[in-house]
Amino acid sequence: MKPILVAGATGNVGSQVVAQLRARDVPVRPLSRNPPPDGVRGDLAKPETIVPALDGVETVFLMLAGPAEALVPTVSLLGERAKRVVFLSSGAVDDSLAEQDNAIGAWHRTVEEAIEAAGLEWTFLRPHGFAANTLGWAPSIRADGVVRGAYGEASMPLIHEKDIAAVAVEALTGDGHSGAKYTLTGTRPMTQAEQVRIIGEAAGRPARWEEIPLEEARAALLTKMPDFIVDTMLSGFRGLVTKPGKVTSTVQDVTGRPGLDFEVWAAEHAAAFR
């Protein structure tokens, strides 16, 4: 059996893809800029660095790790060397639009289009909110049990990284996934305020949301992310206040098991918030 190349192998999703493939005794070649001891070093923005990692590989798990344009040459290389790609895209991509009006969607659609043009057999995973994004609240929860932000009533079904990886593994190893665009969500929508409360319960300490002015919240986010990401996120949260994110059954449809509730994620990551 030929190895599957897993890019971003040390990240939240990539590490789960590696673990779940190994649990099935599938040969894995982890790829990262800072790889594990059994992995290979490579930078997706520098195609020449991943050429050795592609030796004997037909199937690749790919993700975006930087500007979309920097990944396009690597996709062209995959078109010459590999056969199948499962790409971790984004739920922000809207197929009804000729030109994406969401910066995050446009970013990921650029890579999707490059994959389509490369002649690869492909599957696109389009998850919405990641449960792991709430790890950004860990310092404030540890400090005083308060998360300060805007749009605490924004309601979304956050997905566990294990569920994203489980769908990826099915697409990497099974048949019938070519050309699929899988929209992935968690099991139910919950507000940001509810997410904080659930994390606090799992961590064994009170935790609450504190609403702050939008500009104050934006300024805090700009210390961590580029402005186009921050503004896209805040616009999305504003919409989710009145129109909660929809839930899909894709995780169960593809894997044959129910998705994992946010409470499961919070319990598994409780130590980060203590």
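Our subject is the structure listed above.
Residues numbered from 1 in each chain as written. Predicted model: local features only at pLDDT ≥ 70, side-chain atom pairs only at ≥ 80, totals over all residues. Heavy atoms only, no water.

## Notes on the side chain of D163
Convention followed: Segments assigned H or I by DSSP are reported as helices when at least four residues long, segments assigned E as strands when at least two residues long, and all are numbered from the N terminus. Whenever a nitrogen or oxygen atom comes within 3.5 Å of another N or O atom, the pair is scored as a polar contact, on the condition that within protein one atom can donate a hydrogen and the other can accept it, and that pairs from neighbouring residues in sequence are kept only if both atoms are in side chains. In what follows, residue pairs with any heavy atoms lying within 4.5 Å of each other are defined as contacts.
As for its placement among the helices and strands, D163 is situated in helix 5 (residues 161-173). Here the side chain of D163 touches R257 through a polar contact of 2.8 Å, side chain to side chain. The contact partners of D163, leaving out residues within four places of it in the chain, are V251, R257, G259 and L260.

## As for the packing of aromatic side chains
Condition: Between rings of Phe, Tyr and Trp, where Trp is taken as its six-membered ring, a pair exists when centres lie within 6.5 Å; planes separated by under 30 degrees are stacked, by over 60 edge-to-face, and by other angles tilted. Throughout, exposure labels follow a simple rule: accessible area from a 1.4 Å probe, protein chains only, divided by the maximum for the residue type, with under 20% read as buried, over 50% as exposed, and the rest as partly exposed.
Scanning the entire structure with this criterion turns up six aromatic pairs. Relative to F124, the ring of F87 has its centre 6.3 Å away and its plane inclined at 85°; by these criteria the two rings are edge-to-face. Here the residue F87 occupies a position in strand 5 (residues 84-88), and F124 occupies one in strand 6 (residues 121-127), the gap between them amounting to 37 residues. By relative accessible area, F87 is classed as buried at 0%. Summarising the aromatic geometry, the rings of W137 and W209 are spaced 5.9 Å apart at their centres and angled 70° between planes, so their arrangement reads as edge-to-face. You can see W137 sitting in the loop between strand 6 and helix 4 (138-144) and its partner W209 sitting in strand 11 (residues 208-211), a full 72 residues away along the chain. Of the two residues, W137 and W209, neither departs from the other in class, the shared state being buried.

## Looking at unusual backbone geometry
The backbone of D25 shows a phi angle near 65°, a positive value even though the residue is not glycine. Its place among the elements puts D25 in the loop between helix 1 (12-23) and strand 2 (28-32). Accessibility expressed as a relative area gives 67% for D25, which makes it exposed. Here the phi dihedral of Y151 falls at roughly 65°; this positive angle occurs in a residue that is not glycine. With respect to the helices, strands and loops of the structure, Y151 is situated in the loop between strand 7 (146-149) and strand 8 (155-156). Owing to a relative accessible area of 17%, Y151 belongs among the buried residues under this scheme.

## What about the environment of R188?
Tracing the chain through its elements places R188 in the loop between strand 9 (181-184) and strand 10 (190-191). Separated by 143 residues in the primary sequence, R188 and A45 have C-alpha atoms spaced 36 Å apart. Among all residues touching R188, those that are not within four sequence positions of it are M156, P157, L158, I198, V247, D261 and E263. Within the local environment of R188, its side chain forms a polar contact with the side chain of E263, the two groups lying 2.5 Å apart.

## So, the sheet that holds strand 1 (residues 4-7)
Under the convention used in this document: For two strands to be treated as a pair, DSSP must find at least two bridges joining them. The axes used here are C-alpha line fits, helices contributing only the stretch in contact, and every angle between their N-to-C directions lies in the interval 0 to 180 degrees.
Ordered by their spatial adjacency, seven strands build an open sheet running 3-2-1-4-5-6-9, and the pairing between neighbours is parallel. The strands lining the two open edges of the sheet, one partner per strand, are strand 3 (40-41) and strand 9. On the sheet, helix 1 packs against strand 1, strand 2, strand 4 (59-63) and strand 5 and is oriented at approximately 155° with respect to strand 1. Strands strand 1, strand 4, strand 5, strand 6 and strand 9 of the sheet are contacted by helix 5, whose axis makes an angle of about 165° with strand 5.

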